Amino acid sequence: LNISKIEAMRRREGKSIADQEFTPNDGQITADYPLAIVQIDHTLLDLILVDDDSRMPIGRPWITVAFDVCTRVVLGFYLSLDPPGALSAGICLSRAILKKDGWLAKLGQKAEWPCWGIPACIHMDNAKEFRGEMLKRACEQYGIETHWRPVARPNWGGHIERYML
């Protein structure tokens, strides 16, 4: 039996995986200037934190990242053992917007992180923490447009998805 590679992958691994591998993505998200588009997402990190004294596992941390599409710079992040929610999204976005000098000094860091400001638009997936009233009102108050990816289309958030790998 002679079948194409895409058909073989569809039968073995499913239509979704085959389409992701073989079908070209139409369109692209581009930003003409810094802070034009900021993508936000969460991921569970591939590491296990342990207790300082007992060395027993505490758990795997989650990271929420705000990523500038134009400059490919991380504008802010939030790290927690708690699963993602409105709090992690809000703190990540506030860290992206605010200057980081005081925060870095408080952590004892002498590094510079000169990336801050109010984004024109934020792109997010359809997670409930991004659909809440708190984020909606904050964005309205500061004139930030909100855009959500189409459901089950991770390629629409390609910049941050690629970064989070």
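(A) Representation of the pattern of salt bridges. Here the structure, examined in full by the defined rule, presents 4 salt bridges. A salt bridge links Arg11 to Glu7; the shortest N-O distance between them is 3.2 Å. Note that Arg11 and Glu7 are positioned in helix H1 (residues 5-13) at a spacing of 4 residues, about one turn of the helix. Arg11 sits in the exposed class, given a relative accessible area of 57%. Residue Glu7 is classed as partly exposed on the basis of its relative accessible area of 27%.

(B) Spatial organisation of the packing of aromatic side chains. Applying the stated rule across the entire model yields 3 aromatic pairs. Through a chain of ring-to-ring contacts, three or more aromatic side chains come together here, namely Phe77, Trp103 and Trp113. The ring centre of Trp113 lies 5.1 Å from the NZ or CZ of Lys100, which sits over that ring. Over the ring of Trp148 we find Arg131, and its NZ or CZ is 4.0 Å from the ring centre.

(C) Broad picture of the sheet that holds strand E7 (residues 145-148). On the basis of which strands lie adjacent, the open sheet formed by 5 strands has the order E5-E4-E1-E6-E7 and mixed pairing. The open sheet has two free edges, formed respectively by strand E5 (73-80) and E7, since each of these has just one partner strand. With strand direction ignored, the average angle separating the axes of adjacent strands in the sheet is 20°. Pairing geometry for strand E1 (residues 38-44) and strand E4 (residues 62-68), over 7 bridges, is antiparallel. Counted as the bridge partner of His42 is Thr64 from E4. Along the sheet, helix H3 (residues 86-97) contacts E1, E4, E5 and strand E6 (121-124); its crossing angle with E5, the most-contacted strand, is approximately 145°.

(D) Seen up close, the layout of surface pockets. Taken as a whole, the second largest pocket encloses approximately 180 Å³ of empty space. Mapped by element, the contributors of at least two residues to the lining of the second largest pocket are H3 and helix H5 (133-142). Counting residues per element, the lining of the second largest pocket draws most heavily on H5, which supplies 5 residues. Classifying every residue of the lining of the second largest pocket by side-chain character gives 8 nonpolar, 2 polar and no charged.

(E) Examining H3 more closely. Over its 12 residues, H3 extends 16 Å from the first C-alpha to the last, a length consistent with the 16 Å expected when each residue adds 1.5 Å. Tucked inside the fold, the buried residues of H3 contact E1, E4, E5, E6 and H5.

(F) Focus on the nonpolar core. Counting residues in hydrophobic clusters, the biggest one holds 24 residues, and the most contacted among them are Val38, Ile40 and Ile122. Considering every element that reaches this core, the biggest residue donor is H3, with 5 residues. Ignoring sequence-local partners within four residues, the contact set of Val38 consists of Ala66, Phe67, Asp68, Leu75, Pro119, Cys121, Ile122 and His123. In this structure, Ile29, Ala31, Ala36 and Ile37 belong to the second largest nonpolar core, which totals 5 residues.

(G) Layout of the environment of Leu35. Along the chain, Leu35 falls in the loop between helix H2 (15-22) and E1. Put simply, Leu35 and Thr71 are 36 residues apart on the chain and 8.5 Å apart in space, counted from C-alpha to C-alpha. The residues touching Leu35, leaving out its near neighbours within four places in the chain, are Asp68, Leu75, Trp116, Gly117, Ile118, Pro119, Ala120 and Cys121.

Conventions and cut-offs
- Residues numbered from 1 in each chain as written.
- Predicted model: local features only at pLDDT ≥ 70, side-chain atom pairs only at ≥ 80, totals over all residues.
- Heavy atoms only, no water.
- Salt bridge = Lys/Arg side-chain N within 4 Å of Asp/Glu carboxyl O.
- Helix = DSSP H or I, 4+ residues; strand = E, 2+ residues; numbered from the N terminus.
- Buried < 20%, exposed > 50% of the residue type's maximum accessible area, 1.4 Å probe, protein only.
- Phe/Tyr/Trp six-rings, centres within 6.5 Å; stacked < 30°, edge-to-face > 60°.
- Lys NZ or Arg CZ within 6 Å of the ring centre and 35° of its normal.
- Pairing = 2+ DSSP bridges.
- Axes fitted to C-alpha atoms, helices over the stretch in contact; angles between N-to-C directions.
- Contact = heavy atoms within 4.5 Å.
- 1 Å grid on protein atoms, 1.4 Å probe; cavity = no way out; pocket = protein on both sides within 12 Å on 5 of 7 lines; lining within 4 Å.
- Points joined across faces, edges and corners; volume = space filled by probe spheres on them.
- Nonpolar A, V, L, I, M, F, W, Y, C, P; charged D, E, K, R; others polar.
- Expected span 1.5 Å × (residues − 1).
- Core = buried A, V, L, I, M, F, W, Y, C linked by side-chain atoms within 4.5 Å.

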